[in-house]
Amino acid sequence: MSAITPSQVKASIEAGLPGSIVQITDLTGGGDHYQAVVVSDRFEGKSLIQQHQLVYGTVKEAMASGAIHALALKTYTPATWQAEK
C-alpha cells in the first residue's frame, strides 16, 4: 500500500471524467483520507449515487490497494455548481 498524493487523485478523476473540474482536500494530512469536489457535465440526469459511482470508478485501483482509505465526494453538474457558488 503506497501513498497517493492529492494531485494523483485529481489526475485520476480528471482522466476518467475528461473536462471535469476537480478539487481535492486531504482531510487528515495522512494522505489516505480525501474529499473530492467534482463538477462534470457527465453528471447531468444522473442520481447522486450514479454520480458518485462514476467518480469511484476513476479511483477504484487506488481504493482497492488501500492507497485511498476514504474518499468523501461532493458532485455537481455545471448548473448546480453555479447555483452553489
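Residues numbered from 1 in each chain as written. Predicted model: local features only at pLDDT ≥ 70, side-chain atom pairs only at ≥ 80, totals over all residues. Heavy atoms only, no water.

**Q** I'm lost on the pattern of salt bridges in this one. Help?
**A** Where charged atoms from two side chains of opposite charge approach closely, those side chains can pair. This structure, assessed with the given rule, holds one salt bridge. Of the charged contacts, one joins lysine 10 and glutamate 14 as a salt bridge, the two residues approaching to 2.6 Å between their closest N and O atoms. Placement of both lysine 10 and glutamate 14 in helix α1 (residues 6-16) is noted, with a separation of four residues, approximately one turn of the helix. Classification of lysine 10 as partly exposed rests on a relative accessible area of 30%. The exposure class of glutamate 14 is partly exposed, given its relative accessible area of 29%. (Salt bridge = Lys/Arg side-chain N within 4 Å of Asp/Glu carboxyl O. Helix = DSSP H or I, 4+ residues; strand = E, 2+ residues; numbered from the N terminus. Buried < 20%, exposed > 50% of the residue type's maximum accessible area, 1.4 Å probe, protein only.)

**Q** Explain the nonpolar core here, please?
**A** Burial of nonpolar side chains together is a common tendency in soluble globular proteins. Val9, Ile13, Val38 and Ile68 are the most contacted members of the largest nonpolar core, which has 17 residues in total. Of all the elements in the fold, those that place two or more residues in this core are α1, β1 (21-26), β2 (33-39) and β3 (70-76). The element contributing the most residues to this core is β2, with three residues. With residues near it in sequence (within four places) discarded, valine 38 still touches Ile13, Leu17, Ser20, Ile21, Val22, Phe43, Val55, Lys74, Thr75 and Tyr76. (Core = buried A, V, L, I, M, F, W, Y, C linked by side-chain atoms within 4.5 Å. Contact = heavy atoms within 4.5 Å.)

**Q** How should the sheet that holds β1 be read in this particular structure?
**A** Strand pairing in a sheet relies on backbone hydrogen bonds, with the paired strands running either antiparallel or parallel. Here we have three strands laid out as an open sheet, ordered β1-β2-β3, and mixed in their pairing. Of all strands in the sheet, those with a lone pairing partner are β1 and β3, marking the two edges. Going across the sheet, the axis of each strand differs from the next one's by a mean of 15 degrees, ignoring polarity. Two strands pair when backbone bridges link them, and β1 and β2 are joined in this way by six bridges, in the antiparallel orientation. The residue of β2 that forms the bridge with isoleucine 21 is valine 39. Relative to β1, α1 is tilted by about 150 degrees, and along the sheet it contacts β1 and β2. (Pairing = 2+ DSSP bridges. Axes fitted to C-alpha atoms, helices over the stretch in contact; angles between N-to-C directions.)

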